[in-house]
Amino acid sequence: GYYGAITLGNPPQEFNVVFDTGSADLWVVSSKCATIDICYNHRKFITSASKSYEVNEEEDPIDVWYGTGHISARLGHDTVSLADGALQIKNQIVADATILSRDFIGSPFDGIFGLGLEDLSSSPTYSPPFYSMMEQGVLHEPLFAIYTQANTGEIDFGGIDPSRYKGSIHYVDVIDNRFWMVEMESFDYNGMQQRKSGRRRNVIIDSGTTLIITTPDDAMAIHSVIPGALNNGDSTWSIPCHHVDDLPDLLLTLGGKTLAISPHNYVIRPTGHASSMCLSGISGQILAEDEEDDEDDDQEETWILGDVFMKQFYTVFDVGKNRIGFAEAN
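Residues numbered from 1 in each chain as written. Predicted model: local features only at pLDDT ≥ 70, side-chain atom pairs only at ≥ 80, totals over all residues. Heavy atoms only, no water.

### Notes on unusual backbone geometry
Both trends apply: most residues other than glycine have a negative phi, and most peptide bonds are in trans. With an omega of 0°, the peptide bond running from Asn10 to Pro11 counts as cis. Along the chain, Pro11 turns up in the loop between strand 1 (3-8) and strand 2 (13-20). In this structure, Ala83 is a non-glycine residue whose phi angle is positive, near 55°. On the secondary structure map, Ala83 appears in the loop between strand 6 (70-82) and strand 7 (87-100). Backbone geometry places Asn322, a non-glycine residue, at a positive phi of 55°. Following the sequence through the fold, Asn322 ends up in the loop between strand 24 (313-318) and strand 25 (323-329). (Helix = DSSP H or I, 4+ residues; strand = E, 2+ residues; numbered from the N terminus.)

### Regarding the sheet that holds strand 21 (residues 277-280)
Pairing in this open sheet of four strands is antiparallel, and the strands run 16-17-21-20 from one edge to the other. Taken across any chain shown, the strands that pair with only one partner, and hence form the sheet edges, are strand 16 (230-231) and strand 20 (267-268). (Pairing = 2+ DSSP bridges.)

### What to know about the packing of aromatic side chains
In total, this model carries 18 aromatic pairs according to the counting rule given. On the basis of an interplanar angle of 65° and a centroid distance of 5.0 Å, the ring pair of Phe130 and Phe144 is categorised as edge-to-face. Of the two residues, Phe130 sits in helix 2 (residues 129-135) while Phe144 sits in strand 9 (residues 143-148), which places them 14 residues apart along the sequence. For Phe130, a relative accessible area of 2% translates into the label buried. (Phe/Tyr/Trp six-rings, centres within 6.5 Å; stacked < 30°, edge-to-face > 60°. Buried < 20%, exposed > 50% of the residue type's maximum accessible area, 1.4 Å probe, protein only.)

### Focus on the state of the cysteines
Under the criterion given, the structure shown has two disulfides. The partner cysteine of Cys33 in its disulfide is Cys39, sulfur to sulfur 1.8 Å. The disulfide joining Cys33 to Cys39 has a torsion of about 50° about its S-S bond and is therefore right-handed. Here Cys241 pairs with Cys278 through a disulfide, and the sulfurs are 2.2 Å apart. The disulfide joining Cys241 to Cys278 has a torsion of about 120° about its S-S bond and is therefore right-handed. Highlighted residues: Cys241 in the loop between strand 17 (237-240) and strand 18 (250-254) and Cys278 in strand 21, separated in sequence by 37 residues. Side by side, Cys241 and Cys278 carry an identical accessibility label, which is buried. Sequence-ordered numbering of the bonded cysteines in the protein chain yields a pairing of 1-2, 3-4. (Disulfide = S-S within 2.5 Å.)

Pasting the structure below:
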């Protein structure tokens, strides 16, 4: 996963946060965290030390649930700064988390900076941080773009960095009012083309998710044509590392254009060299919303395109025009 530094308050307190397009809340670990063993290795927000902090007495604490993990947090307002103070958001709603689930115990970040759409926020009375940037006029354009590679990355707030991609940007309209979701016309893996035939597939572009998450059936179909692929029993798959160079691209057609994901991006090499097996970057899971759907053939089958996908494509999140852009990353 990818995270970066922000500061909160006056004088500023620094925190590492995940810039997450799959959620819309801004929170950091509280100095009053009750789950002490989980909070131990995280930097904590001392609200009493900030001259600009104001507690929000009118709002109840919030609970935020993620695909993995959840938090409970108090709400307040304070100044948020990014990019060494180049971007500053005044009077931003900030949650300081007093309870964290055990999923966060070993995480190298101290909170999450939600970049999802406005209706995804847990506190709908207040604007998520990117919307506050737009309202306060600190951006040139109402968009941001994400560039990530194996050991580096950047977010461009309010503009696009042409040095980070090649060719042109292909834009696709967003079809949801909470998630950065677009329609996928088809996907193809090794000639096993799956087109829309009564069952729609949509994809959510989520920088807070590591893998590409498909439906369990789609993951099974993809891995069934990979020699030696093993189901790990926890929704993930393993692939013999010596096959990686010979694997085909995963082809996704979005907005009439086919994007090709290289096996060197959708297969994750082990950190040690002893293992002969690599982790597949394609996982099969049933998303919570799909579980609530009926058995109708027209139900939507949603994928999530996480960091495995975004490493290959410079991705533009255009709030102003309600669209997402993709270009081959340099």
